[in-house]
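# Structural features, examined
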Number of protein chains: 4
Amino acid sequence: MNSTESRDKKSNTTIVDTSDDLVTSPDPTHPANLIPELCRHFWTIGWATGTGGGISIRDDDKVYIAPSGVQKERIKPEHIFVLPYPQSEPPLASTADTRTFLRKPSIPLKESACTPLFWAAFDLRDAKACIHTHSQHAVMATLLWPGNEFRIEKLEMIKGVRWGGVEGTMTYEDELVVPIIENTPLEEDLRHTLVEAMKAYPKAAAVLVRRHGVYVWGPSWESAKTQAECLDYLFELGVKMKLANVL
Amino acid sequence: MNSTESRDKKSNTTIVDTSDDLVTSPDPTHPANLIPELCRHFWTIGWATGTGGGISIRDDDKVYIAPSGVQKERIKPEHIFVLPYPQSEPPLASTADTRTFLRKPSIPLKESACTPLFWAAFDLRDAKACIHTHSQHAVMATLLWPGNEFRIEKLEMIKGVRWGGVEGTMTYEDELVVPIIENTPLEEDLRHTLVEAMKAYPKAAAVLVRRHGVYVWGPSWESAKTQAECLDYLFELGVKMKLANVL
Amino acid sequence: MNSTESRDKKSNTTIVDTSDDLVTSPDPTHPANLIPELCRHFWTIGWATGTGGGISIRDDDKVYIAPSGVQKERIKPEHIFVLPYPQSEPPLASTADTRTFLRKPSIPLKESACTPLFWAAFDLRDAKACIHTHSQHAVMATLLWPGNEFRIEKLEMIKGVRWGGVEGTMTYEDELVVPIIENTPLEEDLRHTLVEAMKAYPKAAAVLVRRHGVYVWGPSWESAKTQAECLDYLFELGVKMKLANVL
Amino acid sequence: MNSTESRDKKSNTTIVDTSDDLVTSPDPTHPANLIPELCRHFWTIGWATGTGGGISIRDDDKVYIAPSGVQKERIKPEHIFVLPYPQSEPPLASTADTRTFLRKPSIPLKESACTPLFWAAFDLRDAKACIHTHSQHAVMATLLWPGNEFRIEKLEMIKGVRWGGVEGTMTYEDELVVPIIENTPLEEDLRHTLVEAMKAYPKAAAVLVRRHGVYVWGPSWESAKTQAECLDYLFELGVKMKLANVL
């Protein structure tokens, strides 16, 4: 099957490729191989248990997204959705009804509910990857920092975070500020406030969602992942410091 | 050997199949392969150390159960018991003496002491899998919520839990309520209060056992497992929140 | 080489077998294979980091012991010492000078400093395996229970512990009592107080060593290991309960 | 290619070997194989997430160093830098500009920013390996011990630490003292105070860096690693003891 046949972006009714062509590669760093590997790892460290959390990778004009509501440690390449990038009408791939796909799994699966959130990072920051975690460290940080910002400073790990998530790395003398938005009943409905927070904090590398988790992105999947590690470390350490009265 | 020969459900004295026919399959998702794999994982994350905890899977008219008192990370398919489902006389496979088996291991092993508890989930909720953990998060939750219920709300992970464990998923606006029953000296003796709690809380996805652990079930093994992950996350986070005075 | 040639127990100067005969087996449950596997696992869970901790297994008239001061996750079968059992003159293999060996590694290694402690479990409880951990949960328990005993009750996991470590399992209604002895500068010097504690508490399944760790044994390696898991769980949970003011 | 051709230590402008000759070996204990393996492990246990932390190994007249700013669990032997040892002009390989290399990766990578810190352990203690971690236990220790020293005593694990990191092991009766230096914006700038601390505390096995992590070394990679494990255990336990009011 010729996968280009499916690239009609105008209509949802177009026949979408359900072959495995776009998600089959011997290259372990192909997004369709990386997403299952990284999701398995995120599940192992508590970022993606109970079907939550995950990562989306953008490779040039294609966005790779995992399915919704599945065990994140058991995703296979053939479960991955592929969407064309950009999708400007409507902006940010905001509703599931109007999304265009290059490829869908042949078994009945739905793309991640985080799709419009991942998309915001691609559109607003030109990110190449976006990670969402349900890490308890992120959630505890949103509870111990009850305002609209998580702030911490003077910790070496800050140096692993990039301005805006995609520019140069921060220095030891910079204060890390991560905006916190309130959670909404539907994950899709976070899009509006997430976009607002990203615009209000153009230098922020991530957005925390109260009682929910965090969105982190980067100019590559490697950078998104290492920044997610640095930020999770800082959330965890910040919480420990608060509880130990040394912050 | 013809394994159907052993399917006489009337009597314990019937010759029971001890061949490996019912527990041998190249399919990794066969219950006799899944139970060892999942028990090994549960042991790794602290749900099933010291021989405690485990999972039972029901596949149509067969129930697969692990042995009692063995290292849960070293179970092999040939250690698995297979029981016919349903067993209505007496209800809930309540005593070991009256249980009927399709298949027993050839080496001297006893079926899990949780058998009547797993059975309650099959009979009362039409569950296809039931998980029991000794997770310290579950135990700590029963100690910090000293009444008859664990209650928590406004946490994203609640959305991964199903009404009654088997119906539609809860929303972010729903409060999670898990009944807590008191522990008994013999695991089998929990059956009565577990059944009572399941009937009194038809919308509850699990039952906590004070100073012991939790029983969780689902309409499939995947769903039972992801719900067990969500609930364990919520027990852990709830305990952290109480101790940090943010609940 | 005929390994029986080395079985002259009278003198240290006898030629001791340094071939790999006594420690080479294709059976994964052979002590010389199990000890490396279990030590690797104990290292992973924090029981045996920094070269501390380990397990000794007795198989009929042979005792298998790991070397001292090595990375416990990198032991190989050929590093294992084999000692004849019993060694009654002097009792308890008390000093390194007077120990008799059936087999020593060909590279320069010394047998574990825990040898006389392991031996006490073999002699006094007829144990077939003895585990020593440096688990922080055990150490914290000795600090939060400042007297001579760790006591806890009404926790399901107690049912996985055996009276005296080798008899029938405890019930939910029994209180767990583990004697605590004071640490000594040299591990060998613990022997006297460990033996005293084992005699004073004939029903105890383990001995805690203040600011150091715990010794646990069982009638088989499987039982020693599952009891060590139950006890470590109880130390951890007991510490959590104390710190959360629910004990 | 003859790797000796590149051994002109006089000038940076010399052609440096970019072949894989110096980093290719079937021996798993070759430094170019060990560094990736150990970094992967350190990442797993939280010592080297977010690209931070690592290990350098000195083998006679060669020093093997990992690249800077990469995912520490994905290093490959061909990413390793090889530097000649010693490099006396200027001392301690203090600035990146003046370092001499035997071998550099063929892809654009920079040697670890910890290079001058690792070098200090080689020059001042004749160490054969130096480990740097971002362990949260080390960081929390620097916050709960606000002065210039971490001090702890009467814990068995102290016996796994060596005087000065390279001499005989400490006894149970010795107090462990680890100097704490203040962090600097650039990792390279730590060199001066690290060297000062190592000279002021010639018996110390490590140097803690406030709000950052720790440097540990040893007379072999095995010893550096087991000492790092003992020290991390002691930092973790010390923090727990402080927070539980038993220290």
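Not measured: the values here are computed from a predicted model. (Residues numbered from 1 in each chain as written. Chains lettered and ligands numbered in written order. Predicted model: local features only at pLDDT ≥ 70, side-chain atom pairs only at ≥ 80, totals over all residues. Heavy atoms only, no water.)

### Some remarks on the overall build of chain A
Secondary structure assignment for chain A yields five helices and eight strands. A globule of 247 residues ought to have a C-alpha radius of gyration of about 18 Å, and chain A, at 18 Å, matches this closely. Viewed in the frame of its principal axes, chain A has a C-alpha envelope of about 60 × 35 × 35 Å. In chain A, which comprises 247 residues, the proportion classed as buried is 60%. Long-range contacts, defined as pairs at least 24 residues apart, comprise 66% of the intrachain contacts of chain A with a sequence gap of at least 6. (Helix = DSSP H or I, 4+ residues; strand = E, 2+ residues; numbered from the N terminus. Rg over C-alpha atoms; globule rule 2.2 N^0.38 Å. Buried < 20%, exposed > 50% of the residue type's maximum accessible area, 1.4 Å probe, protein only. Contact = heavy atoms within 4.5 Å.)

### A word on the interface of chain A and chain D
The parts lose accessible area when they come together, and the size of an interface is often stated as this lost area. Contacts between the two partners involve 24 residues from chain A and, on the opposite side, 23 residues from chain D. Counting the surface lost from both chain A and chain D, the interface buries some 2,100 Å², and carbon and sulfur atoms represent 56% of this. Contact with chain D buries area across many residues of chain A, yet E156, Y172 and Y233 of chain A alone supply 27% of it, more than any other trio. For the interface between chain A and chain D, the tally reads two salt bridges. One salt bridge connects E37 of chain A with R74 of chain D, and the closest N-O pair in it is separated by 3.0 Å. (Buried area = accessible area lost by both parts, 1.4 Å probe. Salt bridge = Lys/Arg side-chain N within 4 Å of Asp/Glu carboxyl O.)

### Re the UniProt feature "binding site: Zn(2+)" (unreviewed entry) in chain A
Those places that UniProt annotates as "binding site: Zn(2+)" (unreviewed entry) correspond, in this numbering, to H132, H134 and H212 of chain A. Look at the named residues: they lie 81 residues apart in sequence, but the longest C-alpha span between them is just 10.0 Å, so in the fold they bunch up. Mapping H134 of chain A onto the fold places it in the loop between β4 (129–133) and α3 (136–144). Given the relative accessible area of 5%, H134 of chain A is considered buried. Not counting chain neighbours up to four residues away, the residues in contact with H134 of chain A comprise G46, W47, G52, G53, V139, H212 and G213 of chain A together with E156, M157 and Y233 of chain B. Side chain to side chain, H134 of chain A and H132 of chain A meet in a polar contact 3.3 Å long. (UniProt positions renumbered as here; feature names shortened; annotations may be inferred. Polar contact = N/O pair within 3.5 Å; in protein donor to acceptor, adjacent residues only side chain to side chain.)

### Considering the environment of V207 of chain A
Residues and elements named next belong to chain A. Structurally, V207 is set in strand β7 (residues 206–209). Classification of V207 as buried rests on a relative accessible area of 1%. Along the primary structure V207 and T193 are separated by 14 residues, whereas in three dimensions their C-alpha atoms are 9.9 Å apart. Aside from chain neighbours lying at most four places away, what touches V207 is V178, P179, I181, L194, A197, M198, G213, V214, Y215 and W217.

### With respect to the pattern of salt bridges
Per the stated rule, a full pass over the model turns up 56 salt bridges over all chains. In this structure, the salt-bridge partner of R151 of chain B is E175 of chain B, at a minimum N-O distance of 2.6 Å. Here R151 of chain B is found in strand β5 (residues 149–152), whereas its partner E175 of chain B is found in the loop between β5 and β6 (176–181), with 24 residues between them in sequence. Residue class for R151 of chain B comes out partly exposed when judged on its relative accessible area of 36%. Since its relative accessible area comes to 30%, E175 of chain B is described here as partly exposed. In the salt-bridge network here, residues are joined through shared partners; they are E37, K225 and E229 of chain A together with E73 and R74 of chain D.

### Side note on the pairing of strand β7 (residues 206–209) of chain C
Residue and element names in this part refer to chain C. Of the two faces of β7, the one holding A206 and L208 and the one holding V207 and V209 are both buried throughout. In this sheet, β7 lies alongside strand β6 (residues 176–181) in parallel orientation, the contact comprising two bridges. Bridging from a neighbouring strand, I181 pairs with V209 of β7. In this sheet, strand β8 (residues 213–218) lies alongside β7 in antiparallel orientation, the contact comprising four bridges. Its bridge partner being in β8, V209 is matched across the sheet by G213. Where β7 folds back onto β8 in an antiparallel hairpin, the turn is made up of three residues, including R211, whose phi is positive at roughly 60°. (Pairing = 2+ DSSP bridges.)

### Observations regarding the relation of the copies chain A and chain D
Rotating chain A by 90° about the axis while translating it 0.0 Å along that axis superimposes it on chain D, leaving an RMSD of 0.0 Å. Taken together, these values place the two copies in the relation of a four-fold axis. Using C-alpha coordinates, one finds that chain A approaches the rotation axis most closely at L243 of chain A, a distance of 6.7 Å. (Least-squares fit on C-alpha atoms with pLDDT ≥ 70 in both.)

### Let's talk about the sheet that holds β5 of chain B
Residues and elements named next belong to chain B. The sheet built from eight strands is open, its strands ordered β3-β2-β1-β4-β8-β7-β6-β5 with mixed pairing. The open sheet has two free edges, formed respectively by β3 (81–84) and β5, since each of these has just one partner strand. Adjacent strand axes in the sheet meet at a mean angle of 20° when their direction is disregarded. Bridge count between β5 and β6: four bridges; the pairing is antiparallel. Bridge pairing in β6 links E149 to P179. Helix α4 (residues 190–200) contacts β6, β7 (206–209) and β8 (213–218) of the sheet and is inclined by roughly 155° relative to β6. (Axes fitted to C-alpha atoms, helices over the stretch in contact; angles between N-to-C directions.)

### Points about unusual backbone geometry
Residue and element names in this part refer to chain A. Cis geometry marks the peptide bond from Y85 to P86, where omega comes out at -5°. Phi is positive for D60, close to 60°, though the residue is something other than glycine. Position of D60 among the secondary structure elements: in the loop between β1 (54–59) and β2 (62–65). Overall, D60 belongs to the exposed group, its relative accessible area being 59%.

### Observations concerning the interface of chain A and chain B
Contacts between the two partners involve 23 residues from chain A, matched on the other side by 24 residues from chain B. Taken together, the connections running from chain A to chain B amount to two salt bridges. Remark: the boundary between chain A and chain B carries 14 residue pairs in polar contact (both at pLDDT 80 or more). Counting residues per element, the side of chain A that touches chain B draws most heavily on α3 of chain A, at five residues.

### What about the sheet that holds strand β4 (residues 129–133) of chain D?
All names here are of chain D. Taken in spatial order, the eight strands of this open sheet run β3-β2-β1-β4-β8-β7-β6-β5, and their pairing is mixed. The sheet terminates laterally at β3 (81–84) and β5 (149–152), the two strands that pair on one side only. On average, adjacent strands in this sheet sit at an angle of 20° to one another, irrespective of strand direction. Sheet contacts for helix α1 (residues 31–44): β1 (54–59), β2 (62–65) and β4; angle to β1, the most-contacted strand, approximately 160°. Helix-sheet contacts for helix α4 (residues 191–200) involve β6 (176–181), β7 (206–209) and β8 (213–218), and the interaxial angle to β6 is about 155°.

### A look at the environment of R99 of chain A
Residues and elements named next belong to chain A. Tracing the backbone shows R99 in the loop between β3 (81–84) and α2 (115–125). Measuring from C-alpha to C-alpha, the distance between R99 and P116 comes to 9.8 Å, with 17 residues separating the pair along the chain. A distance of 2.7 Å separates the side chain of R99 from the side chain of E111, its partner in a polar contact.

### Focus on the packing of aromatic side chains
Taken as a whole and judged by the stated rule, the model has 32 aromatic pairs over all chains. Measuring from centroid to centroid gives 5.2 Å for F42 of chain A and W47 of chain A, while their planes differ by 35°, and the two rings are tilted. Comparing F42 of chain A with W47 of chain A shows no difference in burial state: the two are buried. Ring pairs connect the aromatic residues Y85, W119 and F122 of chain A, which therefore count as one cluster. Positioned above the aromatic ring of F101 of chain B is the side chain of K104 of chain B, whose terminal nitrogen or guanidinium carbon lies 4.4 Å from the ring centre. (Phe/Tyr/Trp six-rings, centres within 6.5 Å; stacked < 30°, edge-to-face > 60°. Lys NZ or Arg CZ within 6 Å of the ring centre and 35° of its normal.)

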